[in-house]
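Reading the structure
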Amino acid sequence: MLSVSKLSAGYGKKAVLTDIDILAMQPGTITAFLGQNGAGKSTLLRSLAGLHRASGTLSFSGEDISHHSPAQRARAITYMPQSLPQRVALTVLEATIGALRASSRDPDAVKRSLAVLERLGIEKLAMAQLDSLSGGQRQLASLAQALVRKPRVLLLDEPTSALDVAHQIRVMRTIREITEEQQIIAIAVLHDLGLACRWCDRLVMLAGGRVVSDGEPQVALTPSVLNQVYGVTGRIERCSRGRIQVLIDEVA
Ligand SMILES: Nc1ncnc2c1ncn2[C@@H]1O[C@H](COP(=O)(O)OP(=O)(O)OP(=O)(O)O)[C@@H](O)[C@H]1O
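Residues numbered from 1 in each chain as written. Predicted model: local features only at pLDDT ≥ 70, side-chain atom pairs only at ≥ 80, totals over all residues. Heavy atoms only, no water.

Spelled out, the test is: UniProt positions are given in the numbering used here, feature names are shortened, and annotations may be inferred rather than shown by experiment.
In the annotation of an unreviewed UniProt entry, the protein chain is listed under the name Iron complex transport system ATP-binding protein and assigned to Neorhizobium alkalisoli. According to the UniProt record, the Sequence similarities (unreviewed entry) comment for the protein chain reads "Belongs to the ABC transporter superfamily."

Things to note about the site of the ligand
Selection rule: The cutoff for a nearby residue is simple: one of its non-hydrogen atoms must lie within 4 Å of the molecule or strand. Think of a polar contact as two N or O atoms within 3.5 Å of one another; within protein, one of them needs to be a possible hydrogen donor and the other a possible acceptor, and neighboring residues in sequence only count if both atoms come from side chains. Note on areas: these come from Shrake-Rupley sampling with a 1.4 Å probe, and a residue is covered only by the protein chains present in the view. The way it works is that DSSP assigns letters per residue, a run of H or I at least four long becomes a helix, a run of E at least two long becomes a strand, and they are numbered from the N terminus. Residue type decides the class: Asp, Glu, Lys and Arg count as charged, Ala, Val, Leu, Ile, Met, Phe, Trp, Tyr, Cys and Pro as nonpolar, and the leftover types, Gly among them, as polar.
Taken together, 14 residues sit near the ligand, with Gly 38, Gly 40, Lys 41, Ser 42 and Thr 43 positioned nearest. Taking Gln 82, its side chain carries an N or O atom lying 3.2 Å from an oxygen atom of the ligand. Protein contacts shield 61% of the accessible area of the ligand, which totals 640 Å² for the unbound molecule. Going through the elements one at a time, β2 (14–25) and α1 (41–48) are the ones with two or more residues in the shell around the ligand. No other element matches α1, which puts three residues into the shell around the ligand. In the shell around the ligand, the residues fall into three nonpolar, eight polar and three charged.

Topic: the sheet that holds strand β1 (residues 2–11)
Counted only if it meets this: The criterion for strand pairing is that DSSP finds at least two bridges linking the strands in question.
Taken together, the four strands give an open sheet; going across it, the order is β2-β1-β4-β5, and neighbouring strands pair in antiparallel fashion. In this open sheet, the two strands that pair with only one neighbour each are β2 and β5 (63–64). Both β1 and β2 contribute to a ladder of six bridges, which runs antiparallel. Residue pairing across strands places Leu 7 opposite Ile 20, the latter belonging to β2.

As for helix α4 (residues 109–119)
The condition is simple: Each residue is placed in one exposure class: buried if its accessible area under a 1.4 Å probe, protein chains only, is under 20% of its type's maximum, exposed if it is over 50%, and partly exposed if it falls in between. Taken from the helix axis, the directions to the C-beta atoms give the arc we talk about. Contacts are assigned to residue pairs with any non-hydrogen atoms lying within 4.5 Å of each other.
Restricting attention to buried positions, one finds in α4 the residues Ala 109, Ser 113, Val 116 and Leu 117. End-on, the buried residues of α4 take up no more than an arc of 100 degrees, which puts them together on one face. Facing away from the buried side of α4 by over 90 degrees, the exposed positions are Lys 111 and Glu 118. Its buried side turned inward, α4 meets α3 (92–101) and α5 (135–147). Of the residues one or two after α4, Gly 121 is the one with positive phi, at around 75 degrees.

This is the structure we're talking about:
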């Protein structure tokens, strides 16, 4: 179980997050962090990974890990950034093996890396140079680097933002399956409310540096929350398959 309590963070004198409480994120579940551009979602994710200084308490499996360094946290927590660094002279397979070797001496690193590429449907890109990939392919390669480490906590910063509609579904389904199989605590920053409602167990809505709503999609997302978080008028409806649809009518 992962819990965030009274987390505050910012840049210099600028406060971005204030007294964030997100309790009891459970193994085998995906939590989505949602909010406007600049709401502080990436700052929150980076704070959990120990890559950004924050006050408050982060507890994992009953242990307070707030004072653990990024390297100590990396044993359990893997963070996938919004974008891969440019000009890296590695193939997709080499980068995936490198990510695995950073945390484990698994003698089957090549086999395990290839298996992850296959699972994400990018095995044909194994020998491609990272710098030669499209934006969406880079995102898939970055996800492979995160998944190959078999983390206990998986932090994903906009894992589907560059993907076509088929890959969005494939990636969310794969994250869902792996999260359940390996009992990972997964957290994903998402902008697509439809994807969040379909694939995530819990939505945490951020606005004004605070959590304004937190719960299962059907509870956390209401017209009033949409208005508060995004400044839009919208409706939450069910399609013929019973899935939640978010319809935005007007922007203030
Ligand atoms: N390195 C930085 N120095 C100063 N301010 C920063 C820095 N990084 C982010 N910020 C500010 O912190 C606030 C939150 O940024 P953050 O990237 O966490 O938002 P976000 O919710 O992830 O946004 P987006 O949806 O656009 O990715 C923004 O106002 C941003 O300008």
